[in-house]
Structure formats: C-alpha cells, structure tokens
Amino acid sequence: MPRDTRWKALLELLAAEGGLDVDDAAHRLGVSPATIRRDLDTLAERRMLVRTRGGALPHGVGYDLPLRHKSARRAEEKQRIAHAVAALVRPGEAIGLTGGTTTTAVAEALAAVPAPAEGEEQGLTVVTNALNIAYALTARPRFKTVLTGGVARPHSYELTGPLADGVLRQITLDTAVLGVGAFDAVEGAATADEAEAGVNRLLCARARRVVVAADSSKLGARAFARICPADAVDVLVTDTGADPDVLAALRERGIDIRTV
C-alpha cells in the first residue's frame, strides 16, 4: 500500500474511532506494526495527530483534519446535499460560501446548473473566504466571485482575520451556506477553529437566510468554536441517515429541515 494511501486511511480511522492502536491499525491495513509506528511518528511531526504509547489520538478537541483528507468521507451524501442546496438558490442572488468539503461540493453543484436563458436574470454573486472555492468559480464568467482578504489556513484553505472581517462588513447577502464541524439544537453550529468560526459568524450576520449544509455525522455533535445558535439557522440540508431525535430537536428551533 502506498504511503499516502496509508496516511489517508490512518487519518480516516482516527477521525471515525477517536483513537488508534498500532497493532489493530497494522492488521486493518495489512502492513507491519513497524510501518504503522513510522507513519504515526511522521503524522505527529506534521501535527496531524498526537502520538501515544502504542497508538495515536486526535490533535485536541474537534481537531480539523486537512481538507484533502476529509474530501472522501461521506462523499455520496455530500454530493446529494450539495445538489439540494444548489436547488435552493435563485438566479441573481448573492451567496456566501464558507470553506469545507460540503460547501466545495455546493460550489461545484452551482457551477453545473445550466446558465439562465437569454432575458432571464444572469449569474450569481458568490462571496467566499475559501481559496479553493474561489479558484473553482473564477474561470466561470456567469459567476461574480468575491474573495475576502485574510490569512490563509493551510488545512482548510480558508482566509481569516481582520482583513476578511473588513470585506464582509461592507456587503449584504441573500443566502449564507455554512459548512460546519458540528450542529446541535443546544450548542448551535460550530467548527474546530475559532478564527474560522469568527468569519463564518459574520457571514451569517450579513445574510437574509442561513443554510447549514451538513451530513448526518455532524448532527448532535459538538465542536470547539461556536458559529451561531441553532435558531439563527433557517434551513438544514442533510442526509437520510440523520438521527430522528436530533432532527426533532432542531425542528423545535424553527429550522426547515431537508433530508436527501
């Protein structure tokens, strides 16, 4: 098994199970324990996990794995969610997109929507603090792409800080689409990084409608930094694997829930 494939598999196991044991990981991946130890040591040096005696743990509460290692998780569900979110957007709207794998899929779904017929309102304005989303849309002439300033975070490709805040305070949006690390009726929408949460919070405040795009693994969960309370969210788009009790609690907050 190639090294990069092993690393991806190890990070996926760590994210799913909350911890790794060297011997168990070696058995699952079909390699030697010595190979797994070397892999974990390297990943720990890159601050992608914390090495323990006999294994590894996530790098703190709600640790944010690099985007490239999260993109394959629940990919089918994210695609369905993305297309459902894109269907909520009307021609001519100004849309805010946060960073993340699900919102990246939303951007791709928006780009795949046929161009409006001649005489109809043309295009969309997309405001984002995610470098990868801006890059994907910039070459498409029917999108007016606005990228906030800020300092780039290497894990998520998101721009944060006062420069991003300064741009967002000068605009208004029809819809803000949030990618989240967790969404709960009590704790609200949250993510692993407080700087990202701050930018996302401001994006919500500038929008008439807030849509959370999140697969069912994020629902009922908690993450370190709060973005907004649950009742600040208008629509949740998630997959059919969501816990009915969690959805019921969110509906009590007045949220319109779409499962796909």
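The structure we're discussing is the one just above.
Overview of the structure. Position numbers for residues count from 1 along each chain, tracking the sequence in the order it is written. Totals for whole chains, interfaces and linings use every residue, but because this is a predicted model, local features are given only for residues with pLDDT of at least 70 and side-chain atom pairs only at 80 or more, for both listing and counting. Values shown for side chains rest on all heavy atoms present in the structure; no hydrogens or waters enter the calculation.

Side note on the sheet that holds strand 10 (residues 182–184)
We count it as follows: Two strands are said to pair when DSSP picks up at least two bridges between them. Under the DSSP-based scheme used, a helix requires at least four consecutive residues in state H or I and a strand at least two consecutive residues in state E, with every element numbered from the N terminus. All axes are obtained by fitting lines to C-alpha atoms, using only the stretch in contact for helices, and the reported angles, taken between N-to-C directions, cover 0 to 180 degrees. Two residues form a contact once any of their heavy atoms are found within 4.5 Å.
Across the sheet, three strands lie side by side as 10-11-13; this open sheet has antiparallel pairing. Each end of this open sheet is capped by a strand with a single partner; those strands are strand 10 and strand 13 (225–228). Pairs of neighbouring strands in the sheet enclose a mean axial angle of 30°, with direction left out of account. Summarising the sheet, strand 10 and strand 11 (residues 188–191) pair through three bridges and their orientation is antiparallel. Bridged to D184 within strand 11 is G188. Against the sheet, helix 9 (residues 194–205) touches strand 11 and strand 13, its axis set at about 5° to strand 13.

Some thoughts on the environment of T102
Within the secondary structure, T102 sits in helix 6 (residues 101–112). Considered as a pair, T102 and V212 are 110 residues apart in the sequence and their alpha carbons are 9.9 Å apart. Setting aside chain neighbours within four positions, we find T102 in contact with K78, I81, A82 and A213.

Here we look at the packing of helix 6 against helix 7 (residues 131–138)
What counts here: Roughly parallel means an angle under 35 degrees; roughly antiparallel, over 145; roughly perpendicular, 65 to 115; everything else is oblique. Each residue gets one of three labels, nonpolar for Ala, Val, Leu, Ile, Met, Phe, Trp, Tyr, Cys and Pro, charged for Asp, Glu, Lys and Arg, and polar for the others, Gly among them.
Running from N to C, helix 6 and helix 7 point in directions that differ by 10°, and their axes come no closer than 10 Å. Classified by the interaxial angle, the pair formed by helix 6 and helix 7 is roughly parallel. Facing helix 6, whose interface residues are T103, T104, A107 and A111, helix 7 presents N132, I133 and L137. Residue composition of the contact of helix 6 with helix 7, grouped by class: four nonpolar, three polar and no charged.

A closer look at the pattern of salt bridges
Note the threshold: Counted as salt bridges are all cases of a side-chain nitrogen of Lys or Arg within 4 Å of a carboxyl oxygen of Asp or Glu. We call a residue buried when its accessible area falls under 20% of the maximum for its residue type, exposed when it is over 50%, and partly exposed in between, using a 1.4 Å probe and counting protein chains only.
Counted under the stated rule, the structure contains 13 salt bridges. For the salt bridge of R6 with D39, the shortest nitrogen-to-oxygen distance reads 2.6 Å. Taken together, the positions of R6 in helix 1 (residues 3–17) and D39 in helix 3 (residues 33–45) put the pair 33 residues apart, joining distant regions of the chain. For the pair R6 and D39, a shared accessibility class is recorded, and that class is buried.

Points about unusual backbone geometry
One non-glycine residue, Y157, lies in positive phi territory at about 65°. Structurally, the position occupied by Y157 is in the loop between strand 7 (151–152) and strand 8 (159–160). Overall, the relative accessible area of 30% leaves Y157 in the partly exposed class.

Quick word on a nonpolar patch on the surface
Applied cut-off: Residues qualify for a patch when their relative accessible area is over 30% and they have no salt bridge, like charges being joined within 9 Å and the nonpolar side chains of Val, Leu, Ile, Met, Phe, Trp and Tyr within 5 Å. Using the Shrake-Rupley algorithm and a 1.4 Å probe, accessible areas are obtained, with residue cover drawn only from the displayed protein chains.
Taken together, the side chains of L131, L147 and Y157 present a nonpolar region at the surface, about 220 Å² in accessible area. If you trace the backbone, L131 turns up in helix 7. The exposure class assigned to L131 is partly exposed, which follows from its relative accessible area of 33%.

Re the nonpolar core
Generally speaking, a soluble globular protein has its nonpolar side chains buried in company with each other. Test applied: Think of a nonpolar core as a cluster: buried Ala, Val, Leu, Ile, Met, Phe, Trp, Tyr and Cys residues, connected wherever their side-chain atoms sit within 4.5 Å.
Judged by nonpolar contacts, the single largest core of 25 residues is most densely connected at V85, L97 and V177. Put simply, the parts of the chain that give this core at least two residues each are helix 5 (75–88), strand 4 (94–97), helix 6, strand 5 (124–128), helix 7, strand 12 (207–213) and strand 14 (235–238). No other element matches helix 6, which puts six residues into this core. If near-sequence neighbours (up to four positions away) are discounted, L97 is found in contact with T103, V106, A107, V126, V127, T128, N129, I133, V177 and L203.

Some points on the sheet that holds strand 1 (residues 20–21)
Across the sheet, three strands lie side by side as 1-3-2; this open sheet has antiparallel pairing. Here the strands that pair on one side only, and so sit at the sheet edges, are strand 1 and strand 2 (50–52). In the sheet, strand 2 pairs with strand 3 (residues 55–57) via three bridges, with the strands oriented antiparallel. Following the sheet pairing, R51 is matched in strand 3 by A56.

Topic: the environment of T172
Mapped onto the secondary structure, T172 falls in the loop between helix 8 (162–168) and strand 9 (173–178). Exposure remark for T172: the relative accessible area of 54% places this residue in the exposed category. Taking the C-alpha atoms as reference, T172 lies 18 Å from T160; in sequence the two are 12 residues apart. Setting aside chain neighbours within four positions, we find T172 in contact with A94 and R206.

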